[in-house]
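# Overview (structure and organization)
Single-letter residue listing:
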Amino acid sequence: MTKVRGGGRNSRVTVEELIVEMHRTVDGLGEDGASRADLKLLSRTLKELRHAFRFFDGLRTLPKVTVFGSARLPADSPAYRQAELFGRAMARSGWFVVTGAGEGIMEAAHVGAGREHSIGVNILLPFEQSENTVMERNPHLIHTKYFFTRKLLFLKESSGVVLFPGGFGTMDEAFEVLTLLQTGKTHPFPVVLVDEPGGTYWAMWRRFLEDSLLKFGLISPEDFSLFRITSSVEEAVREIRGYYRVFHSMRYSGRDLVIRIREPLAPDALAALNRDFPDLLVEGTISQVNALPEEADEPEIADLPRIVFRFNSGSHGRLRQLIDRLNRSEGEDP
């Protein structure tokens, strides 16, 4: 799946200019007298990201979903079985399943997806976290030293996120994913929180959001549109796949938000968007156009229609509601 490019406004800076800028930054560190510890951190981060970018380069065009969840859940637990079924269903749909490559939920999703459709991003810890049986000697396995680079890769390289029950790490991942989506600091993607059948883990989590965050105005009602909660594997699969039924990707062109769609909108559907989502506009209207000159660097999707508007950047939850409306315009799941 194609992502929003750069997570920000369109830039025509060339690759060569960016490399020159990076050299200036590195030289500036020397001029600043940066400490050995700081330089070591930056050096290791750059090496780690360079290796990761090369690793994912051959996988970039493949649809991928990241799965988070506890490493402590045993193979006979209902949540483990749910994750295994989810991984199998996504692999059958042609998707790859990305996890932290550990045990528990991570192993379950990989067991379901199978060796050929599994990607692992493991973390090097003081106590060794060995990769699960599916990822042992798997060429689709990469190791990272830092959690922040690992989480960057999980989100940068995936077109959806699914979370099963877990501990501190899963909570960290859930809230970081939602924070990035809420603030528009990542490309938009579907997020599904999967409870075990009859389970209340994510239902109770949502109740906490309602009673302790929404009640006091710390989040907005539309923020709940950024995720779905279900105990059905089939519904989780439909949510991930259905997100890209009509919506393809988005990027900025100057101050305008450009949403690429797979099929053109009928005039009445476009009129309905303008009627129902005026709060997303700084000015003007939502219009349907062909590829813009600023998108010439993506010729492979030049034939897709676009809708364009001046987004106020104030509510990404409402933007998700607009994307949901686009996807519903084509009817039922394929």
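Predicted model only: the values in this text are computed from it and were never measured.

Attention shifts here to empty space enclosed by the protein. Taking a probe equal in size to a water molecule and rolling it over the atoms shows the remaining empty space. What the rule picks out here adds up to two cavities of 30 Å³ or more. Taken as a whole, the largest cavity holds about 100 Å³ of empty space. Residue lining of the largest cavity: 13 residues in total, with Leu181, Pro188, Phe189, Leu226 and His316 positioned closest to the centre. The residue inventory of the lining of the largest cavity, partitioned by class, reads eight nonpolar, four polar and one charged. Lining the second largest cavity, in full, are Phe68, Lys151, Leu155, Glu173, Glu176 and Val177. Every element with two or more residues in the lining of the second largest cavity is listed here: helix 5 (147–156) and helix 6 (168–182). Here the lining of the second largest cavity gets three residues from one element, more than from any other, and that element is helix 6. Of the residues contributing to the lining of the second largest cavity, the split by class is three nonpolar, no polar and three charged.

Here we come to the side chain of Ser315. Looking at where Ser315 falls in the secondary structure, it is placed in the loop between strand 11 (306–309) and helix 10 (316–328). We classify Ser315 as buried; its relative accessible area is 11%. Polar side-chain contacts of Ser315 include one of 3.1 Å to the backbone nitrogen of Arg318. With sequence-adjacent residues up to four places away left out, Ser315 is seen in contact with Glu222 and Leu280.

Attention now moves to the packing of helix 3 (residues 78–92) against helix 8 (residues 233–242). A packed helix pair is summarised by two numbers, namely the angle formed by the two axes and the spacing between the axes. Interhelical geometry of helix 3 versus helix 8 gives an angle of 40 degrees and a closest axis separation of 9 Å. For the element pair helix 3 / helix 8, the angle class is oblique. Seen from above, helix 3 lies across helix 8 with right-handed handedness. Packed against helix 3, whose contacting residues are Gln82, Leu85, Phe86, Ala89 and Met90, the element helix 8 presents Val233, Ala236, Val237, Ile240 and Arg241 at the interface. Here the residues of the contact of helix 3 with helix 8 are counted per class, giving eight nonpolar, one polar and one charged.

Our focus in this paragraph is the sheet that holds strand 8 (residues 247–253). Spatial ordering of the open sheet is given by 8-9-11-10, a layout of four strands whose pairing is antiparallel. Edge strands, defined here as strands with exactly one partner in the open sheet, are strand 8 and strand 10 (287–289). Shown here is a sheet whose adjacent strand axes are inclined to one another by a mean of 30 degrees, direction ignored. Where strand 8 lies against strand 9 (residues 256–261), six bridges are found, and the strand directions are antiparallel. By the bridge assignment for strand 9, Tyr252 is matched with Leu257. Lying over the sheet, helix 10 contacts strand 8, strand 9 and strand 11, oriented at roughly 30 degrees with respect to strand 9.

What follows deals with helix 9 (residues 267–276). Buried within helix 9 are the following residues: Leu270, Ala272 and Leu273. Viewed along the axis of helix 9, the buried residues span an arc of 155 degrees, placing them on a single side of the element. Of the exposed residues in helix 9, those oriented more than 90 degrees away from the buried face are Pro267, Asp268 and Arg275.

The subject of this paragraph is the sheet that holds strand 5 (residues 161–163). Across the sheet, seven strands lie side by side as 4-3-2-1-5-6-7; this open sheet has parallel pairing. The open sheet is flanked by strand 4 (141–144) and strand 7 (228–230), the only strands paired with a single partner. Recorded for the sheet is a direction-independent mean angle of 20 degrees between the axes of neighbouring strands. The pairing of strand 3 (residues 118–123) with strand 4 spans four bridges and is parallel. Counted as the bridge partner of Ile123 is Thr144 from strand 4. In the packing of helix 4 (residues 105–113) onto the sheet, contacts are made with strand 1 (64–68), strand 2 (96–99) and strand 3, and the angle to strand 2 comes to roughly 165 degrees. Along the sheet, helix 8 makes contact with strand 1, strand 5, strand 6 (191–194) and strand 7, crossing strand 6 at roughly 175 degrees.

For the rest of this paragraph, the subject is unusual backbone geometry. At Ala101, a residue that is not glycine, the phi angle is positive and equals roughly 75 degrees. Look at Arg137: it is not a glycine, yet its phi comes out positive at around 55 degrees. On the secondary structure map, Arg137 appears in the loop between strand 3 and strand 4. Under the relative-accessibility criterion, Arg137 is labelled exposed at 74%.

Attention shifts here to the environment of Pro74. One can find Pro74 in the loop between strand 1 and helix 3. Through-space distance from the C-alpha of Pro74 to that of Leu18 is 47 Å; in sequence the pair is 56 residues apart.

Here the structure, examined in full by the defined rule, presents 23 salt bridges. Residue Arg60 is joined to Glu157 by a salt bridge in which the shortest nitrogen-to-oxygen separation is 2.8 Å. With Arg60 in the loop between helix 2 (36–57) and strand 1 and Glu157 in the loop between helix 5 and strand 5, this pair connects stretches of sequence that are 97 residues apart. Taking the relative accessible area as the measure of exposure, Arg60 reaches 30% and is therefore partly exposed. When its relative accessible area of 3% is taken as the criterion, Glu157 is described as buried. Note that Lys151 and Asp172 form a salt bridge whose closest N and O atoms lie 2.7 Å from each other. Placement of Lys151 in helix 5 and of Asp172 in helix 6 is noted, with a sequence separation of 21 residues between them.

Conventions used here
Residues numbered from 1 in each chain as written. Predicted model: local features only at pLDDT ≥ 70, side-chain atom pairs only at ≥ 80, totals over all residues. Heavy atoms only, no water. 1 Å grid on protein atoms, 1.4 Å probe; cavity = no way out; pocket = protein on both sides within 12 Å on 5 of 7 lines; lining within 4 Å. Points joined across faces, edges and corners; volume = space filled by probe spheres on them. Nonpolar A, V, L, I, M, F, W, Y, C, P; charged D, E, K, R; others polar. Helix = DSSP H or I, 4+ residues; strand = E, 2+ residues; numbered from the N terminus. Buried < 20%, exposed > 50% of the residue type's maximum accessible area, 1.4 Å probe, protein only. Polar contact = N/O pair within 3.5 Å; in protein donor to acceptor, adjacent residues only side chain to side chain. Contact = heavy atoms within 4.5 Å. Axes fitted to C-alpha atoms, helices over the stretch in contact; angles between N-to-C directions. Parallel < 35°, antiparallel > 145°, perpendicular 65-115°, else oblique. Left-handed = near helix turned anticlockwise from the far one by under 90°. Pairing = 2+ DSSP bridges. Arc of directions from axis to C-beta. Salt bridge = Lys/Arg side-chain N within 4 Å of Asp/Glu carboxyl O.

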